[in-house]
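Here are the chains, one letter per residue:
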Amino acid sequence: MTDSYLYRLVYTSCSTIDGSPSEIKTTIDDLLTVARRKNSQVGITGALMFTENRFAQVLEGSEQAISSLYRKLESDPRHRSVRLLALEPIAVRNFGSWSMAYVGGHPDLAREFAELDADDDRNEGEIGGELVVELIARHLSNSAATA
Ligand SMILES: Cc1cc2nc3c(=O)[nH]c(=O)nc-3n(C[C@H](O)[C@H](O)[C@H](O)COP(=O)(O)O)c2cc1C
């Protein structure tokens, strides 16, 4: 795919999904099935992280495609406190092989994300999209290596 105007959007949010761990997993699996189908139709790639009750997501694609998805995401009742960290042009995709990669569950991920969040509070909300991208990419390659 040629990406003449490629953008990246990064946000965090708090999950509102209730239920037992297995019910939560089913809801996220269903969400990912729809997300992957729709993303591949509009040229969006990216990654979703879920840990404890937090989401972080990276969307890559045309500015029009990711802005229109973000408007839907902001009003999706499965999460709240959606907070935009970055919307910026990029030269290449980090998650070009995934219509929506997923990382979750690992205790190290929860701890590292909590540390980013804590730093964010100290730095008055300047948590970098780049840090979130790097965290997700690292855990994705760890889980691929051990899969
Ligand atoms: C955490 C989270 C991540 C999501 N990620 C995507 C995504 O990557 N792509 C997508 O199309 N929808 C995603 N959705 C679902 C959208 O909010 C929306 O429900 C879906 O795109 C269907 O929109 P439609 O009813 O207008 O067709 C996500 C929802 C949540 C709560």
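Before reading further, recall that the structure is shown in the block above.
Calculation criteria
Along each chain, the written sequence defines residue order, and numbers are assigned to residues from 1. Totals for whole chains, interfaces and linings use every residue, but because this is a predicted model, local features are given only for residues with pLDDT of at least 70 and side-chain atom pairs only at 80 or more, for both listing and counting. Side-chain measures were taken over the full set of non-hydrogen atoms in the model, leaving aside hydrogen atoms and water. For this analysis, a ring pair means two rings from Phe, Tyr or Trp (six-membered ring only for Trp) whose centres lie within 6.5 Å, classed as stacked if their planes differ by under 30 degrees, edge-to-face if by over 60, and tilted for the remaining angles. Any residue under 20% of the maximum accessible area for its type is buried, any over 50% is exposed, and the rest in between are partly exposed; the area is computed with a 1.4 Å probe on protein chains only. We call a set of buried residues a nonpolar core when its members are Ala, Val, Leu, Ile, Met, Phe, Trp, Tyr or Cys and they connect through side-chain atoms within 4.5 Å of each other. In this description a helix means any DSSP run of H or I spanning at least four residues, a strand means any run of E spanning at least two, and both kinds are numbered starting from the N terminus. Every residue pair with non-hydrogen atoms within 4.5 Å of one another is taken to be in contact. Only protein atoms enter the 1 Å grid used here, on which a cavity is any set of points holding a 1.4 Å probe that cannot leave and a pocket is any open set flanked by protein within 12 Å on both sides along at least five of seven lines; residues with an atom within 4 Å of a point are listed as lining. Grid points are joined across faces, edges and corners, and a volume is the space filled by probe spheres set on the points. For this classification, Asp, Glu, Lys and Arg are treated as charged, while Ala, Val, Leu, Ile, Met, Phe, Trp, Tyr, Cys and Pro are nonpolar and the rest, including Gly, are polar. Paired strands, as defined in this entry, are two strands with at least two bridges between them according to DSSP. In this description, a line fitted to the C-alpha atoms serves as the axis of each element, helices being fitted only across the stretch in contact, and the angle between N-to-C directions of two axes falls anywhere from 0 to 180 degrees. Salt-bridge detection follows one rule: a side-chain nitrogen of Lys or Arg within 4 Å of a carboxyl oxygen of Asp or Glu. Expected span, for any helix, means 1.5 Å times one less than how many residues it has. Working note: the arc is built from the helix axis to C-beta atom directions.

What to know about the packing of aromatic side chains
At step 1: By the definition in use, this model includes three aromatic pairs.
At step 2: With centroids separated by 5.0 Å and ring planes inclined at 40 degrees, the aromatic side chains of F50 and F55 adopt a geometry described as tilted. Taken individually, F50 and F55 each receive the classification buried, so the pair is uniform in this respect.

With respect to the nonpolar core
The nonpolar side chains of a soluble globular protein tend to be buried with one another.
At step 1: L9, I28, I44, L48, F55, L59 and I66 are the most contacted members of the largest nonpolar core, which has 19 residues in total.
At step 2: At the level of elements, β1 (6–15), α1 (21–42), β2 (45–51), β3 (54–62) and α2 (63–74) are the ones that each hand at least two residues to this core.
At step 3: Tallying contributions element by element places α2 first for this core, with five residues.
At step 4: Setting aside anything within four residues of it in sequence, one finds I28 in contact with I17, F50, F55 and Y102.
At step 5: In this structure, V10, F95, A101 and L116 belong to the second largest nonpolar core, which totals 18 residues.

Overview of the layout of surface pockets
At step 1: If you add up the space inside the largest pocket, you get close to 530 Å³.
At step 2: Mapped onto the lining of the largest pocket, the elements with two or more residues apiece are α1, β3 and α2.
At step 3: Residues that form the lining of the largest pocket fall into these classes: 13 nonpolar, six polar and four charged.

As for the sheet that holds strand β4 (residues 79–89)
At step 1: Read from one edge to the other, the open sheet built from five strands follows the order β4-β1-β3-β2-β5, with strand pairing classed as mixed. For this open sheet the edge positions go to β4 and β5 (101–104), each flanked by a neighbour on one side alone. For this sheet, the mean angle separating the axes of adjacent strands, direction not counted, is 15 degrees.
At step 2: Sheet topology note: the β2/β5 ladder contains four bridges and is parallel. Its bridge partner being in β5, A47 is matched across the sheet by A101.
At step 3: Relative to β3, α2 is tilted by about 150 degrees, and along the sheet it contacts β1, β3 and β4.

Quick notes on the pattern of salt bridges
At step 1: Applying the stated criterion to the full structure yields eight salt bridges.
At step 2: R111 is paired through a salt bridge with E115; the nearest N and O atoms lie 3.3 Å apart. Here R111 pairs with E115, and both are found in helix α3 (residues 107–122), just four residues apart, close to one helical turn.
At step 3: R111 sits in the partly exposed class, given a relative accessible area of 43%.
At step 4: R138 serves as the salt-bridge partner of E112, at 2.9 Å between the closest nitrogen and oxygen. Here R138 lies in helix α4 (residues 129–146) and E112 lies in helix α3, a separation of 26 residues in the sequence.
At step 5: Here the salt bridges share partners, and the residues they tie into one network are R8, E88 and E130.

Some words on α1
At step 1: For α1, with 22 residues, the first-to-last C-alpha span of 31 Å sits near the 32 Å given by 1.5 Å per residue.
At step 2: For α1, the full list of buried residues reads I24, I28, L31, L32, A35 and N39. Buried residues along α1 cover an arc of 110 degrees about the axis, so they all sit on one side. Away from the buried face of α1 by more than 90 degrees, exposed residues S22, T33, S40 and Q41 are located.

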